[in-house]
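# Topology and contacts: notes
The primary structure of each chain is shown beneath.
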Amino acid sequence: MNKTVLVTGGAGYIGSHACKTLAQAGYAPVVYDDLSTGHPEFVKWGPLIVGDVRDRTRLADVMSLLQPAAVMHFAAKSLVGESFQNPDLYHQVNAGGTTAVVQAMQRTGCESLILSSSCAVYGNASAAPIAEDQAIDPISPYGASKAAAEQIAFSAYGIRTVALRYFNAAGGDPDGEIYEWHEPETHLIPIVLDVAAGTRPELSIFGVDYPTLDGTAVRDYVHVLDIADAHVKATRYLGQGRAGLALNLGTATGHSVLEVVRAAERVTGRRVRIANTAARPGDPPSLTAAPRKAMETLGWSPRRSTLDNVVADAWRAYQVPETMAA
């Protein structure tokens, strides 16, 4: 049985953790990445092919050579704020890249696609926690591009897609082999850890008058290795010839920005200095997942995703580059 899985964006944060988890499960990941935001140092469990996800000819050539059992599609632009500044780029990469991926799959006979999606497709959802039957109503160009990517994948003839709508991916590899590394960093937990470590003067909290218990935005933080595990389980699910579907990945429990700050202070034993500033466009007050469908369909559970464990693994991984540089 062919165990090759082509992983677009596999040199990035979530993609590299997925590659490690794939390899541990007996699969053979092959990374396809343009390295615009990914890191070649994170490609440790299979070969790297450098290429643009929008290049359907190159993708088809690669798939024709590899004949992968499945494609995991992570390659995307992912900054909500940037998407307002350059919405065309987000559409070109996120929607156009998905078009290129599914067309290459159709040309080469690969039928199984695991699509990296986002809770941003829901926008300001009317219910909490959010289930998959909530209306798709994105409020940012990023969310709209992810919704378009889903539509493209689900309408592609001959392709069975599992779209995994993550809530807030967080944490890190407890082994320290890979870690969260974005330039610039925009994710809350690594920024909080920067402040705790003294490499950043303070944390800017965007919005303190949301209709939440402490006025700061609430998010559902799910461990990156739990997300990676869901991708492997989705690969197995599609390998059984099952029909495609969309699934939420989260914990059903939300934590505010201030709760994350307090967790970081507990884990690191250091103070995190904060500064309050205005809310950003495109940021809903609260996003939490109803993950029952993923649990029932894939046999998945967010077992690593308590807040303190997420922060502790992120802190452990955060310190690896410092140790290597010493």
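Below: a short report on this structure. (Residues numbered from 1 in each chain as written. Predicted model: local features only at pLDDT ≥ 70, side-chain atom pairs only at ≥ 80, totals over all residues. Heavy atoms only, no water.)

## A few points about the packing of helix 6 (residues 188-197) against helix 10 (residues 307-318)
It is at 10 Å that the axes of helix 6 and helix 10 come closest, and there the two elements cross at 60°. On the basis of their axis angle, the class for helix 6 and helix 10 is oblique. For helix 6 against helix 10, the interelement crossing comes out right-handed. For the pair helix 6 and helix 10, contact is made by Ile189, Pro190, Leu193, Asp194 and Ala197 and by Val310, Val311, Ala314, Trp315 and Tyr318, respectively. Class assignment of the residues belonging to the contact of helix 6 with helix 10 gives a composition of nine nonpolar, no polar and one charged. (Axes fitted to C-alpha atoms, helices over the stretch in contact; angles between N-to-C directions. Helix = DSSP H or I, 4+ residues; strand = E, 2+ residues; numbered from the N terminus. Parallel < 35°, antiparallel > 145°, perpendicular 65-115°, else oblique. Left-handed = near helix turned anticlockwise from the far one by under 90°. Contact = heavy atoms within 4.5 Å. Nonpolar A, V, L, I, M, F, W, Y, C, P; charged D, E, K, R; others polar.)

## Here's the deal with helix 10
When the terminal C-alpha atoms of helix 10 are compared, their 16 Å separation across twelve residues agrees well with the 16 Å that a helix rising 1.5 Å per residue should span. Buried residues dominate helix 10, accounting for nine of its twelve residues. Residues of helix 10 that are buried: Leu307, Val310, Val311, Ala312, Asp313, Ala314, Trp315, Ala317 and Tyr318. (Expected span 1.5 Å × (residues − 1). Buried < 20%, exposed > 50% of the residue type's maximum accessible area, 1.4 Å probe, protein only.)

## What to know about empty space enclosed by the protein
According to the stated counting rule, one finds one cavity of 30 Å³ or more in the structure shown. Counted as a void, the largest cavity has a volume near 40 Å³. His73, Phe74, Ala75, Ala76, Asn94, Thr98, Leu115, Ser116, Lys146 and Ala149 are the residues that line the largest cavity. Tallied by class, residues from the lining of the largest cavity come to five nonpolar, four polar and one charged. (1 Å grid on protein atoms, 1.4 Å probe; cavity = no way out; pocket = protein on both sides within 12 Å on 5 of 7 lines; lining within 4 Å. Points joined across faces, edges and corners; volume = space filled by probe spheres on them.)

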